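# Inside the fold
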Amino acid sequence: MAQVPWKRLGFLVAALLFVTGIAVAATISQVEIFSWWTGVGEEEGLQALIKVFQRRAPGIAITNATVAGGGGINAKAVLQSRMVGETPPDSFQVHGGAELIHSYVKTGMMEPVTSLLEQWGIRKRFNPKIMELCSYGGEIYSIPLNVHRGNVLWYNRALLSKHQIRPPDSLDSLFKACATLKKAGVIPLALGDRNKWEATHLFETLLAMTLGPARYNGLWNGTTPFDDPGLRTSLERFKQLTRYANPNHAALTWQDAIRMVYEGKAAFNVMGDWAEGYFKTLGWQPGKEFGWTALCGPGGNFMVITDTFGLPKGAPHRSGAVAWLKLIASLEGQDTFNPIKGAIPSRLDANRARYDVYLRKSMDDFARLTLTPSIAHGSAASQVFSGALDDLLGSYLADGDTDRAVKNIQLAARLYLK
Ligand code: GAL
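For every chain, the first residue of the written sequence is number 1, and numbering continues from 1 onward in sequence order. Per-residue local features of the predicted model are confined to residues with pLDDT of at least 70, and side-chain atom pairs are confined, for both listing and counting, to 80 or more; whole-chain, interface and lining totals are unaffected and use all residues. Calculation of side-chain values draws on the structure's entire complement of heavy atoms; hydrogens and water are dropped beforehand.

## A word on the nonpolar core
In plain terms, the rule: Working definition of a nonpolar core: buried Ala, Val, Leu, Ile, Met, Phe, Trp, Tyr and Cys residues. They are joined through side-chain atoms within 4.5 Å. Buried means the residue's accessible area, taken with a 1.4 Å probe over protein chains only, is under 20% of the maximum for its type, while exposed means over 50%, and partly exposed covers the values in between. Elements are defined by DSSP. Helices are runs of H or I of four residues or more, strands are runs of E of two residues or more, and each kind is numbered from the N terminus. Any two residues having at least one pair of non-hydrogen atoms within 4.5 Å are treated as being in contact.
Tyr216, Trp220, Leu235, Phe268 and Phe385 are the most contacted members of the largest nonpolar core, which has 51 residues in total. Among the elements of the structure, strand E9 (152–156), helix H7 (157–162), helix H8 (171–183), helix H9 (197–221), helix H10 (230–242), strand E11 (266–270), helix H16 (383–399) and helix H17 (402–416) are those that each provide at least two residues to this core. When residues of this core are assigned to their parent elements, the largest contribution, 11 residues, is made by H9. Dropping the residues within four chain positions of it, tyrosine 216 is found in contact with Glu204, Leu207, Ala208, Leu211, Met303, Thr372, Pro373, Ser374 and Ile375. Within the second largest apolar cluster, 48 residues are counted, among which are Ile33, Val67, Val113 and Tyr141.

## Re H10
Spelled out, the test is: How far a helix is expected to stretch is found by multiplying one less than its residue total by 1.5 Å.
Between the first and last C-alpha of H10 there are 18 Å, a value that for 13 residues agrees with the 18 Å anticipated at 1.5 Å per step. Packed against the buried residues of H10 are H8, strand E10 (187–189), H9, H16 and H17.

## A look at the environment of lysine 129
As for its placement among the helices and strands, lysine 129 is situated in helix H6 (residues 128–133). Along the sequence, lysine 129 and serine 346 sit 217 residues apart, while their C-alpha atoms lie 9.4 Å from each other. Setting aside anything within four residues of it in sequence, one finds lysine 129 in contact with Phe366, Ala367, Leu369 and Leu371.

## A look at the site of the ligand
Test applied: Think of it this way: one heavy atom of a residue within 4 Å of a molecule or strand is enough to make that residue near it. Polar contact criterion, stated in full: a pair of N or O atoms within 3.5 Å, where within protein one must be able to donate a hydrogen and the other to accept it, and residues adjacent in sequence count only if both atoms are side-chain atoms. Residue exposure ignores everything except the shown protein chains as possible cover, and the areas themselves are Shrake-Rupley values with a 1.4 Å probe. In the scheme used here, Gly and all other residues not listed as nonpolar or charged are polar, with Ala, Val, Leu, Ile, Met, Phe, Trp, Tyr, Cys and Pro taken as nonpolar and Asp, Glu, Lys and Arg as charged.
Around the ligand, 13 residues are found, and the nearest of them are Glu42, His95, Asp307, Lys341 and His377. Take tryptophan 37: an N or O atom from its side chain is 3.0 Å from an oxygen atom of the ligand. Look at the ligand: alone it shows 310 Å² of surface, and the protein chains cover 100% of it. Looking at the shell around the ligand residue by residue, the classes come out as five nonpolar, five polar and three charged.

Dropping the structure here:
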């Protein structure tokens, strides 16, 4: 056996120490990000984003903390207790609008990120309407990663053509299509409201459609009273439509409902365009196997939802958080995540060519239509109000008592919308 000369061995040991030293130094920084993107169709986008982060910031070890449950049903509660308990994640998913501002900004828990955006020279690159949802008192408090549209009716194209149904373009034609499908033994509407917000999602779609965008928006700035007769009409429409839903809706999630459409067990579903991401994960293409139409009144409206990330005060790894936020704000980050997630970018200079036919249409609608903030996804009203509405609509689905629902929603508005 050949002898290893001492000099060479010494050199090898030194080299090894040097390399491992670099490795230790290289992973000394960390960042913990927090979201509810664990489910099929949502996780893929996040994983792609994390990959880009690892390439751009190889020295920062990333912890992907997630709490499962669509719409953030469980994550929001965990986040709140971590924030109140002064153990915040370094950066977390939060909806732009009331959810961010009421829960975390007005309570003094967030650092503004305005100066970071200025430092990176990209403050003006974002859609100003979305930036409004992230701002308070002249400062920006979170960075919008995306824009989702909530008021979309998705359908199984093969199933509609089998029953010779044209894609509905109004509520009347939707009801007619539902009646035809029901007669033919097909479940017209897939619904999965196990986490409650899914029913609110359907209801807010009908509410904005019934009131029109100006009156709907007036509910949140006090110019439309909650005794507007449109509230009752929306509830009645909600009752009528949910009568066409699968009887086991309360046991299913939004993904289960989309799967019913995918498997041809139901024709329609009303859901935000993260459903598009899910269909694509299942292998379907927009305009080929599935179609969509916006569910809105004559003038149109865009039910807006934005997932943003911010910087809590006392973030344990602030520099890691800043590196994460830089990615969220970057074109590369936005154009990686959104085409997979089924969302459009919040930046004005994103690469349109990377987005599919549905998403390009969504970009055009977003630019031209009146935005209506979502209740179910935290933009329009505080979590106390949306939580109360979730519960009230759950009871309404069970008892169908419109008088009671109107009265209780009005009471919730008086108590919680201030
Ligand atoms: C929304 C969120 C979307 C998507 C959806 C379903 O609240 O904004 O990004 O995650 O919930 O989980």
